[in-house]
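Coordinates in review
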Amino acid sequence: MTHPSSWKDTEVRCESGTSVPDRYSALLPLVRNLKLRMCLTDPANRKTALWVLQQAVARGDGRMEGLSICCEGNTPLFYAGQDLQQGLVDILTNGSSLTVLDLKGVPFTLSDSFVRSVAMLCPALQSLYINNHSLVCGVNAETLKQVLKCCQSLSVLGVFQASLSQDVFKDLMFPERPALKKLELRCERSLKYTVPLCDQIWLELKLRHPRLWVELELDHTLPELHVPGVLQPSIPVRCLRLLTWTLLLDEVRIVRQSYANTLEVLELQTIPSPELNSELIALAKQCVKLQEVHCYCVVSQEVITAFFTNCPNLCRFTLKTHKEPHPWTSTKLN
């Protein structure tokens, strides 16, 4: 148990309000990649999680490379996560060798000041995910430019699309920057107050980073009129999640026309109709690289047959011909 390889990838759950047994505290500095899960309901869990992080970072001689934080349970009323954000900054102040920081699992809004502090304290970051499921985007474009300035090795980035701007794209295209491998973008109501990104800027980014692939998530708070503006044809979309619960006939048509050569994962939350079945059959015939397709409304048997026939790489799907109890489970193909 004391061998470093035993602790390379470690998950710690803080759920019961109790502290970590003393016999493990001396082993936490051996952790290389830490996943912290905590139940937010009890403040004691948050305190324990910060203590675990303190032991892993402060006593680990700069060994920890990856950190993922995931919050579970009901978020307390009016809780904005100040203790966790400030606690993380305080711990990282002692020095950090983090190359991966994943904050997608936190439910509260991440502030500009917090993200700027993290970027300055973790200059070795190669992957940063701040595209969490808070109600609004709290990170502006100027903060994202500061992140790119501080973290010169950043090649994987997960953000709200509302944080992007023409100037951010220009910074991403600087010749001295490393190849951008992946962009994860969450699109929600904040896009109402930003200038839309034109197709030309996406084309230029793709030319500068030819191996780039993009994951887009559009949630139900994004106004329906803004959806077509998000789905620009030059985006190298590999994974697309349309979680809008609106009619998506036009959007499915755009997807098959624009992303047929890149799309590998598709998820839809929409309304069933014969017209949707027709569009999905046409999509299956064009997006032949699909590996996963998940449609959370009932479809016809012809739709299922079309995906099986035209998508030889299909390995997981959620396609139902009749309603089932929630949650729907996916099917994995051998």
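Above this text you will find the structure in question.
Residues numbered from 1 in each chain as written. Predicted model: local features only at pLDDT ≥ 70, side-chain atom pairs only at ≥ 80, totals over all residues. Heavy atoms only, no water.

Another point: the overall build of the chain. Secondary structure assignment for the chain yields 11 helices and 13 strands. Its C-alpha atoms give the chain a radius of gyration of 21 Å, within 12% of the compact-globule value 20 Å for 334 residues. The principal-axis extent of the C-alpha atoms belonging to the chain is close to 60 × 45 × 40 Å. Sorting the 334 residues of the chain into buried and exposed places 51% on the buried side. A fraction of 75% describes how many contacts in the chain between residues 6 or more apart in sequence connect residues 24 or more apart. Counting every atom, the chain has about 15800 Å² of accessible surface; 53% of that belongs to carbon and sulfur. Charge separation in the chain, taken as the distance between the mean sites of 34 positive and 33 negative side-chain charges, equals 4 Å. (Helix = DSSP H or I, 4+ residues; strand = E, 2+ residues; numbered from the N terminus. Rg over C-alpha atoms; globule rule 2.2 N^0.38 Å. Buried < 20%, exposed > 50% of the residue type's maximum accessible area, 1.4 Å probe, protein only. Contact = heavy atoms within 4.5 Å. Areas by Shrake-Rupley, 256 points an atom, 1.4 Å probe, with all protein chains shown as cover. Lys, Arg positive; Asp, Glu negative; His and termini not counted. Charge placed at Lys NZ, Arg CZ, Asp CG, Glu CD.)

Okay, helix H2 (residues 43-58) next. If you check H2, its first and last C-alpha atoms are 22 Å apart, about what 16 residues at 1.5 Å a residue would give, namely 22 Å. Listed in full, the buried residues belonging to H2 are Asn45, Arg46, Thr48, Ala49, Val52, Leu53, Gln55, Ala56 and Val57. Where H2 is buried, its residues touch strand S1 (9-14), helix H1 (22-25), strand S2 (33-39), strand S3 (66-72) and helix H3 (82-92). Between the side-chain oxygen of the N-cap and the backbone nitrogen of Ala44 there are 2.9 Å, and the N-cap of H2 in question is Asp42. (Expected span 1.5 Å × (residues − 1). Polar contact = N/O pair within 3.5 Å; in protein donor to acceptor, adjacent residues only side chain to side chain.)

A word on the packing of helix H10 (residues 274-286) against helix H11 (residues 301-310). The interhelical angle for the contact between H10 and H11, taken along N-to-C directions, is 5°, at an axis separation of 8 Å. The angle between H10 and H11 places the two elements in the roughly parallel class. Where H10 approaches H11, its residues Asn277, Leu280, Ile281, Leu283, Ala284 and Lys285 are matched on the opposing element by Glu302, Val303, Ala306, Phe307 and Asn310. By residue class, the composition of the contact of H10 with H11 is 7 nonpolar, 2 polar and 2 charged. (Axes fitted to C-alpha atoms, helices over the stretch in contact; angles between N-to-C directions. Parallel < 35°, antiparallel > 145°, perpendicular 65-115°, else oblique. Nonpolar A, V, L, I, M, F, W, Y, C, P; charged D, E, K, R; others polar.)

A few words on the packing of aromatic side chains. Scanning all chains against the criterion turns up 5 aromatic pairs. The positively charged end of Lys104 is found above the aromatic ring belonging to Tyr129, 4.9 Å away from the centroid. (Phe/Tyr/Trp six-rings, centres within 6.5 Å; stacked < 30°, edge-to-face > 60°. Lys NZ or Arg CZ within 6 Å of the ring centre and 35° of its normal.)

Take the side chain of Arg46 next. Along the chain, Arg46 falls in helix H2. Leaving out residues up to four positions away in the same chain, Arg46 has contacts with Met38, Leu40, Pro76, Tyr79, Asp83 and Leu84.

Right, let's talk about helix H9 (residues 249-258) for a bit. The set of residues buried in H9 consists of Glu251, Val252, Val255 and Arg256. With its buried residues spanning 135° around the axis, H9 presents them on a single face. In this structure, the buried side of H9 is in contact with helix H8 (227-230), strand S9 (237-246), strand S10 (265-270) and H10. (Arc of directions from axis to C-beta.)

Moving on: the pattern of salt bridges. What the rule picks out here adds up to 17 salt bridges. Between Glu11 and Arg13 there is a salt bridge, and its shortest N-O distance comes to 3.2 Å. Note on Glu11: relative accessible area 40%, which makes it partly exposed. A salt bridge links Arg37 to Glu72, with the shortest nitrogen-to-oxygen separation between them at 2.6 Å. Taken together, the residues span a long stretch of sequence, with Arg37 in strand S2 and Glu72 in strand S3 at a distance of 35 residues. If you follow the salt bridges from partner to partner, you end up with Glu11, Arg13, Glu15, Arg37 and Glu72 in one network. (Salt bridge = Lys/Arg side-chain N within 4 Å of Asp/Glu carboxyl O.)

Most often, soluble globular proteins have nonpolar side chains that are buried together. Grouped together as the largest cluster of nonpolar side chains are 106 residues, with contacts concentrated most on Leu34, Trp202, Leu216, Leu240 and Phe307. If sequence neighbours within four positions are ignored, Phe307 has contacts with Leu280, Leu283, Ala284, Leu290, Val293, Leu314 and Leu319. (Core = buried A, V, L, I, M, F, W, Y, C linked by side-chain atoms within 4.5 Å.)

The subject of this paragraph is the pairing of S9. One face of the sheet, then the other: side chains in a regular strand alternate in exactly this way. Sheet topology note: the strand S8 (residues 213-218)/S9 ladder contains 5 bridges and is parallel. Paired with Leu216 across the bridge in S9 is Leu240. Here S9 runs beside S10; their pairing, made up of 5 bridges, is parallel. For Cys239, the partnering residue across the bridge sits in S10 and is Val265. For the crossover from S9 across H9 to S10, the handedness is right-handed. (Pairing = 2+ DSSP bridges. Right-handed = clockwise from strand over helix to strand, strands pointing away.)

On to the environment of Lys182, then. Relative to the helices and strands, Lys182 resides in strand S7 (residues 182-187). Considering only alpha carbons, one finds Lys182 and Leu212, 30 residues apart in sequence, at a separation of 5.5 Å. With residues near it in sequence (within four places) discarded, Lys182 still touches Tyr129, Ser155, Val156, Leu157, Leu212, Trp213 and Glu215.

Packing of H9 against H10 brings their axes to within 9 Å, and their N-to-C directions diverge by 10°. It follows that H9 is roughly parallel to H10 by the angle criterion. Listed contacts from H10 to Leu249, Val252, Arg253, Val255 and Arg256 of H9 are Glu275, Leu276, Glu279, Leu280, Ala282, Leu283 and Gln286. For the contact of H9 with H10, the per-class residue count stands at 7 nonpolar, 1 polar and 4 charged.

With 4 bridges joining them, S3 and strand S4 (residues 100-105) adopt parallel strand pairing. Bridge pairing in S4 links Ser68 to Asp102. Running through H3, the crossover from S3 to the neighbouring parallel element S4 is right-handed. Bridge count between S4 and strand S5 (residues 127-129): 3 bridges; the pairing is parallel. When the sheet's bridge partners are listed, Val100 is paired in S5 with Ser127. Taken together, S4, helix H4 (residues 112-121) and S5 form a β-α-β motif whose crossover is right-handed.

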